[in-house]
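Structure assessment
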Amino acid sequence: AVVSTQSTGNLRKMSKLHSNESLDRASPELWPEKGPPLPLHNSTTSAWEAELEKDNLEMLQELSSLTSAQLKDKIDTLLKLSYQLGVLERYEMSRGKFLNVLPKAL
């Protein structure tokens, strides 16, 4: 009995929501004129692009062609290499210190 009372109340509320608007008209054209196609890239060179050398541009193009998994592998390889270089540098600095190769200011 409670369910039928609620559903009857919902039907009464929905009947009050009736609209007399006619929806059989044509949709308006929001963008009637077609303009020229937009360029994909600017022909002008930005400041950061002007500073890049040919090798850097080639590397940038190579990295942009990688998939996300390949890019992650490349980053992992570079992180391992940077760690190895840091360990080697620490070893060489310690060696130079013990051999008194470096000036005392360092």
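Reading the values: rules and limits
Per-chain numbering applies: the sequence of each chain, read as written, is numbered from 1 onward. At least 70 in pLDDT is required for a residue's local features to be given in this predicted model, at least 80 for side-chain atom pairs to be given and counted, and no such filter applies to totals for whole chains, interfaces and linings, which use all residues. To get the side-chain values, all heavy atoms of the structure are used, and hydrogens and water are removed first. Going along the chain from the N terminus, every DSSP run of H or I of four or more residues is numbered as a helix, and every run of E of two or more is numbered as a strand. The cut-offs for exposure are 20% and 50% of the maximum accessible area for each residue type, with area from a 1.4 Å probe on protein chains only; residues under the lower value are buried, those over the upper are exposed, and the others partly exposed. The protein chains shown are the only cover counted for residues, whose accessible areas, like all others here, come from Shrake-Rupley with a 1.4 Å probe. Put simply, a salt bridge is a Lys or Arg side-chain nitrogen that is within 4 Å of an Asp or Glu carboxyl oxygen. For patch detection, residues must exceed 30% relative accessible area and be free of salt bridges, and they are connected within 9 Å for like charges or within 5 Å for nonpolar side chains (Val, Leu, Ile, Met, Phe, Trp, Tyr). Working rule for helices: expected span equals 1.5 Å times residues minus one. One number per residue, pLDDT, summarises how confident the predictor is, and it ranges from 0 to 100.

This part covers the overall build of the protein. A count of helices and strands for the protein gives four helices and zero strands. Ordered by position from N to C terminus, the α and β elements of the protein give α-α-α-α. Sorting the 106 residues of the protein into buried and exposed places 1% on the buried side. Carbon and sulfur atoms provide 60% of the accessible area of the protein, an area that totals close to 11100 Å².

Counted under the stated rule, the structure contains two salt bridges. With its nearest N and O atoms 2.9 Å apart, the salt bridge here joins D76 to K72. Taken together, the residues D76 and K72, both in helix α4 (residues 68-98) and four residues apart, mark about one turn of the helix. Classification of D76 by relative accessible area gives partly exposed; the value is 29%. With a closest N to O distance of 3.6 Å, R95 and E92 form a salt bridge. Within this pair, R95 and its partner E92 are both found in helix α4, separated by three residues, close to a single helical turn. Residue R95 is classed as partly exposed on the basis of its relative accessible area, which comes to 43%.

A contiguous nonpolar patch, built from L78, L81, L85, L88 and Y91 and spanning about 510 Å² of accessible area, is present on the exposed surface. Inspection of the secondary structure assignment puts L81 in helix α4.

A word on α4. The end-to-end C-alpha distance of α4 is 45 Å, a good match for the 45 Å that 31 residues give at a rise of 1.5 Å each. Backbone geometry just after α4 places N100 at a positive phi near 55°.

Let's shift gears to the confidence of the model for the protein. For the protein, mean pLDDT is 77; residues scoring 70 or higher make up 60% of the total. Looking over the protein, one finds the lowest element-wise mean pLDDT in helix α1 (residues 2-15), namely 62, and the highest in α4, namely 93.

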